[in-house]
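# Survey of secondary and tertiary structure
Spelled out from the first residue to the last, the chains are:
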Amino acid sequence: PPPPTDGGAPRHAFDSQNATLDVDVVLQTAPASSKDFAGTWSDGLGLIRVASNGVRLLASEYPSPRKWGALGATHTTAYALGDATFRVSGAVTGELFKGATDLIRWSSGDTWRRYDDASVRRYRYLRISINETFRQRAGRIVEVDDIEIYGGVANHEDKVPPVPLEGRELPRPFRCWATTNTEDCFKAFDKRENAPWRSADVGGWAGALAQTQVLTLDVGDGHQLAPTKLRVKCGVSARQASRNVGSFDCPRFVVLEGAVDGEDPLTGRYEFIVAHRVPNEPGAPPAAYGGSGLLIDVASTAWRGRPAGASCGSCASRSGCARNGPDRTCESAYCGADGTCAASKPTCGLGSEMVSRSPDDFGCQLCQAGRFSATVDGSCDGTCEAGFYCAPGARSARDAPCPRSGDVFCPPGSERPRPVAAGFYALYDGALPVGEAACPRGSYCAAGKRLPCPAGTYGNVTALSTAGCSAACGGAGEYCPEGSLVPLKCPPGSFCTGGAAPASPCPPGTYGRTRGLGDARCSGPCPPGSYCPAGSVLPMACPPGTYGASQRLKDAACTAPCPEGRYCPANSTSPVPCEGMMAASEGFARRPFCPAGVGAPQATRAGYYATGGVEGARSREAPCEPGYRCHLGVRHACAPGTHEPATGVEATQVDAAQCRPCPPGHYCPRATGAALPCPAGTYGNVIGNETGLTDAACSGPCFRGHYCPEGSVLPTPCPAGTYGNQTGLTTAACSAACFPDSTGECSPSQCEEGYYCPPGSTHGRERECGEGMYCPRGSGAPMTPDE
C-alpha cells in the first residue's frame, strides 16, 4: 500500500477501469431507442457517461470515479423507460424510471438529470507534451510504447485511436506529428508495445529535456473527442524483467492539451486539459508504468465536488469513509476526521509538497533533490538555481552553494554537485560553477580545468582528458606549438626537426622558400646579389649602393659599398662603371658621376661638371671655375679671345667654349676668367674682331708720337711740347727712358729750342718756330715776343 496521508489511514489506489460493480438491470419488454439512455448525465456531484445500443448498457463516473466507478449490464430484451428494476450485488433492488423531463430516478432516491452535452469541450487535435524523464544524469531522449485516449466509458469503444496507426497519416482520418522523429510518431499510437516511439537526442540533464517533446494527434474532421482518461504505456523491455517497472526514459511529466477544429494543428491555440507528474524517488524505476501502464484521469469539462461539510462520498462505498484522507467526491478532494468534506487539503511544511500517488491517494512528501518549496501550501515546482544544489526537502533555490574546487558543477535543478566529466571543464557564472563543456580541440581537460595541449603534441578532437592529447607531433618538417589542433607544417623561413622541437628560423645566409623544411639547409644558400638574415623566406636584394659578390651573405651590408666612380643597382653582384650619358630632368642627356655607395649614376647639375676618378668613372661633381663654362656635365675652357669671370655657368649653346668676348684694351688667352689688360706700351683695339685679343701683344706696340698705358684701347698722342720717336712708349713723358726696362728716373723728351712739337710729334724738331716767333725748349706751339 502507499504511505499514509497526513492524519489518515493508508488506502489502496483505485483503478476506475477495472473496479466495476456487479449490477444487473432487468427491463420490461417495451419499444425503446438506444439513444434514450446514451449520453451524459449528472448526479449532482459529477458527471456520468452512459452508452447503450439497446442490448448492452455501459456507464462510468466522469471525469473520475467517486463511488462505484463503472458498471455494465446486458439487456435480454428490448426495454421500456419505466417499471425497470435492478439489483446490486444480488442484495439491493430498485426501480429505474425515465420520464419525459429527461430524469432518471432510482428507487434508492438518487436522481440523474440529462447534462447539456453541448457544454462538454470536444477537440479535434490532442497534444501531449513531455519535458521530463526519470533519468538522473544524462537523460536526453524520451520513449513511449503506446498511448490511448478515452472519450467515454473506459472499457468501451471510445478509445482514440480505435484502430492501430500504421503510418503517420494511416489510416485516415488520423494523422500524427512529433517535435523530433516525426515520421515515426505513429508508433506511439500503433497499439504495439514492442515498437516504441523515441525522440531524437535533444540533450538535457537530470531527466529534464533540453527541448520539450510534443506528440500531436488529429482524430479527423467530424470526430471531435471529449477526453476522459489517458493511458501511457512505456518500458515494455523493463517490464519483461520485472512486471511492475518501466524504463528510465519514460515520461515523468505529461501535459495534455486540446485544440478545436479550424485551428492549425502545429501553431494553433491549444487549451490546457490536464497535467500529471509521476511521483518517484530519484533514481528509482518508475513503478507507475507497471502492469497496464500509467492511467491519468482527465476532466474536459469543469465540475465541482461536494461542498465543505457535506458527507464524504467515500462513506457510501464498501471500504468506508476515507477519514483524514483523500476523497475525490469532495470539492477539496479531502475528507475530514468527522466524515464530512474538508474545506481544503491539509498543507505541507516548507520543503515539501502534496503529492497525488493515485486518484484517491495523496499526501505530503519532501521536495525531491534539485527542487524546493518556499511556502507551506506550495508545490515543489521551484528549480534549484545554477551554481547551487538542493538536497531533499530544500526550502530555497540557493539551498547550498556549489563547491569551487573546479571538478564539480551545479546546473539548474541540481540535487548534488555533479563531477565534471573527464575531457570536460567547468563553466562559471561569476564565482560558482554552473555547467560543463567539452574541452575544445587543441586542449585537454583534467579535474574540471582546461589546459592547452603541450608543445610537441596536438589535439584534433574535443573532450581530450590527458596531456598526451591526440598524439605526439610528426616527423621532420612538422611542429606542434602549445595548443595545436593538428601538426603544423613548418612555416616558410624556418625548419623543423620533428617531435617536440619548435620551429627554428633558417640560419643567416640561407632561406626557406617552402613549408615543411626539415633541416638547417632550408631551401639553400643565399645567391650572389642578395642577403638572407635569419628566418628569411626569400633572398633579399642587396640594397642600392651595395653589391654582393658571393653566396651566403647575411645582412644588408652585402659584400661592400659601391666604390667611387661606380654604381650598384639593387641585387648587384659587381659595381658598374659610371660612364656614358644619362637623362636629366630638363630632358637632356648629361654626363653622370658616381660617388661611393650609390645605386644609380647621379646627373650633374647645371653649371657643374663630372670630375674625380678617371674618365668613364667620375666620382663627384664640381662647379665650373672662372674661365670655363659647363655644358651637360662637361667642362669647356673658354676659347682664346673670350673669358668667363663667374663660377658655375652653364652654357646653353652647343659651342660651350664661346665665352664672353674679351673687352677692348684687354686680351684673353684660353681659359681666361678675368680679362687681362693689354701691357703698357701696347693697345688693344678689337674693331673687326668678334672674340677679342688672345695674347699680350694685343693689337701691337704703341705708335711713335703716342704712348699707351696698361689697358689702352688706342694709342694716346704724346702731349704738346714732347715727342715720341719710338714705338711702345708707356707714359705721357713719351721718353724711351720711361720704358719698363730702363733704369733711372724717367726724363721727358722735350722739343728742341727753336722748334715746337704739337701733340703726337715723333721727333724734337717736329716743326720750326718760324719768323717773328720764338720757341723755347719744350714748346708745343710757337709764341710771339709779346707773350
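Quick note: structure is the one above.
Below is a summary of the structure that appears in this document. (Residues numbered from 1 in each chain as written. Predicted model: local features only at pLDDT ≥ 70, side-chain atom pairs only at ≥ 80, totals over all residues. Heavy atoms only, no water.)

What follows covers the state of the cysteines. All chains considered together, the criterion is met by 23 disulfides. Note on cysteine connectivity: Cys176 is disulfide-linked to Cys185, with sulfurs 2.0 Å apart. In this structure the cystine formed by Cys176 and Cys185 twists about its S-S bond by roughly 80 degrees; its chirality is therefore right-handed. Residue Cys176 is classed as buried on the basis of its relative accessible area of 0%. Put simply, Cys526 and Cys532 are joined by a disulfide, and their sulfur atoms are 1.9 Å apart. Disulfide Cys526-Cys532: torsion about the S-S bond near 75 degrees, hence right-handed. A residue is classified by how much of its surface remains accessible, and Cys532, at 0% relative accessible area, is buried. (Disulfide = S-S within 2.5 Å. Buried < 20%, exposed > 50% of the residue type's maximum accessible area, 1.4 Å probe, protein only.)

This paragraph deals with the pattern of salt bridges. Here the structure, examined in full by the defined rule, presents 27 salt bridges. The salt bridge involving Glu625 is made with Arg635; its shortest N-O contact spans 3.1 Å. One end of the pair, Glu625, is in the loop between β56 (620-623) and β57 (628-631); the other, Arg635, is in strand β58 (residues 634-637), with 10 residues separating them in the sequence. A relative accessible area of 29% places Glu625 in the partly exposed class. Arg635 sits in the partly exposed class, given a relative accessible area of 35%. (Salt bridge = Lys/Arg side-chain N within 4 Å of Asp/Glu carboxyl O. Helix = DSSP H or I, 4+ residues; strand = E, 2+ residues; numbered from the N terminus.)

Attention now moves to the nonpolar core. Ranked by internal contacts, the top residues of the largest apolar core, which has 38 residues, are Ile128, Ile147, Ile149 and Leu230. Secondary-structure elements contributing two or more residues to this core are β11 (125-133), β13 (146-150), β15 (175-178), β18 (208-218), β19 (229-233), β20 (251-259), β21 (271-277) and β22 (294-297). Those residues in contact with Leu230 that sit more than four places away from it in its chain are Ile128, Ile147, Glu148, Ile149, Val254, Leu294, Leu295, Ile296 and Val298. Counting residues in hydrophobic clusters, the runner-up holds seven residues, among them Phe372, Cys390, Ala394 and Ala397. (Core = buried A, V, L, I, M, F, W, Y, C linked by side-chain atoms within 4.5 Å. Contact = heavy atoms within 4.5 Å.)

It is worth spelling out the side chain of Thr604 at this point. Here Thr604 shows up in the loop between β54 (602-603) and β55 (608-611). A distance of 3.2 Å separates the side chain of Thr604 from the backbone oxygen of Arg591, its partner in a polar contact. (Polar contact = N/O pair within 3.5 Å; in protein donor to acceptor, adjacent residues only side chain to side chain.)

In this sheet, β18 lies alongside β11 in antiparallel orientation, the contact comprising seven bridges. Bridge assignment links Leu126 to a residue of β18, and that residue is Leu217. Strand direction decides the pairing type here: β15 and β18, joined by four bridges, are antiparallel. Bridged to Arg175 within β18 is Asp218. Direction of pairing for strand β17 (residues 204-205) relative to β18: antiparallel, over a ladder of two bridges. In the strand pairing of β18, Gly204 is matched with Leu209. (Pairing = 2+ DSSP bridges.)

Turning to the sheet that holds β13, a few remarks are in order. Across the sheet, four strands lie side by side as β14-β13-β19-β22; this open sheet has antiparallel pairing. With one partner strand each, in any of the chains shown, β14 (159-160) and β22 form the two edges of the open sheet. Relative to β22, β19 is paired through four bridges, and the arrangement is antiparallel. Residue Leu230 lies in a different strand from β22, and its bridge partner there is Ile296.

These figures come from the coordinates and say nothing about function on their own.
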